Amino acid sequence: MKMGESHRTYNDVCTSAVSGNFDRKTINIPTLAVDVQPGSVIKSDGTVYTSGNDALLVLSHARAGTDVNIIIADRLVYIRSETVIAVMGATVGAAAIAALTASGNIRVALADK
């Protein structure tokens, strides 16, 4: 049996949430421009995040297309920054984390040691 790489999940991105009722929400993206996985960061228009304040942290898998429902981080959640950086790259990942945490609704957990 060949061992492959496992897919990222919600638990790879979120380390703690105050409430399962408020940590995520489902939104509809009319046109999702890129395939996404947990840890991806996109803009509200469905394009890949590169810079700025418009950032949504994806918590589900979805293929690019039209009328796509995805799960995103909402509030009262702690995330693993290393997962976002692994998916987005070091430079864009750091900018994405800054945008995601600016409001205080999403916070960065201390790295596991």
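Preceding block: the structure.
Definitions and cut-offs
Residues numbered from 1 in each chain as written. Predicted model: local features only at pLDDT ≥ 70, side-chain atom pairs only at ≥ 80, totals over all residues. Heavy atoms only, no water. Pairing = 2+ DSSP bridges. Helix = DSSP H or I, 4+ residues; strand = E, 2+ residues; numbered from the N terminus. Axes fitted to C-alpha atoms, helices over the stretch in contact; angles between N-to-C directions. Patch = residues over 30% accessible without salt bridge, like charges linked within 9 Å, V, L, I, M, F, W, Y side chains within 5 Å. Areas by Shrake-Rupley, 256 points an atom, 1.4 Å probe, with all protein chains shown as cover. Salt bridge = Lys/Arg side-chain N within 4 Å of Asp/Glu carboxyl O. Buried < 20%, exposed > 50% of the residue type's maximum accessible area, 1.4 Å probe, protein only. Arc of directions from axis to C-beta. Contact = heavy atoms within 4.5 Å.

Draft legend 1. Representation of the sheet that holds strand β6 (residues 77-79). Here three strands make up an open sheet; going across it, the order is β1-β6-β7 and the pairing mixed. Of all strands in the sheet, those bounded by a partner on one side alone are β1 (14-17) and β7 (106-108). Across this sheet, the average inter-strand angle for adjacent strands is 30°, counted without regard to direction. In this structure, β1 lies alongside β6, joined through three bridges in antiparallel fashion.

Draft legend 2. Molecular detail of a nonpolar patch on the surface. There is a patch of nonpolar side chains on the surface, built from V18, F22 and L76 and spanning about 270 Å² of accessible area. Considering the arrangement of structural elements, one finds L76 in the loop between β5 (65-73) and β6.

Draft legend 3. Representation of the pattern of salt bridges within the structure. Under the defined criterion, the tally for this structure stands at three salt bridges. The shortest N-O distance in the salt bridge between R24 and D23 comes to 3.1 Å. Note on D23: relative accessible area 1%, which makes it buried.

Draft legend 4. Inspection of helix α2 (residues 81-88) at higher detail. When we look at burial in α2, the residues that qualify are S81, T83, V84 and M88. Within α2, the buried residues cover an arc of 160° as seen down the axis, which keeps them to one side. In the core, the buried residues of α2 are packed alongside α1 (10-13), β3 (41-42), β4 (56-57), β6, α3 (90-101) and β7. After α2 finishes, the residue G89 shows a positive phi value of roughly 95°.

Draft legend 5. Representation of the environment of D74 within the structure. Topologically, D74 is positioned in the loop between β5 and β6. Judged by its relative accessible area of 19%, D74 falls in the buried class. Expressed as a C-alpha distance, the spacing of D74 and N105, which sit 31 residues apart in the sequence, is 7.2 Å.

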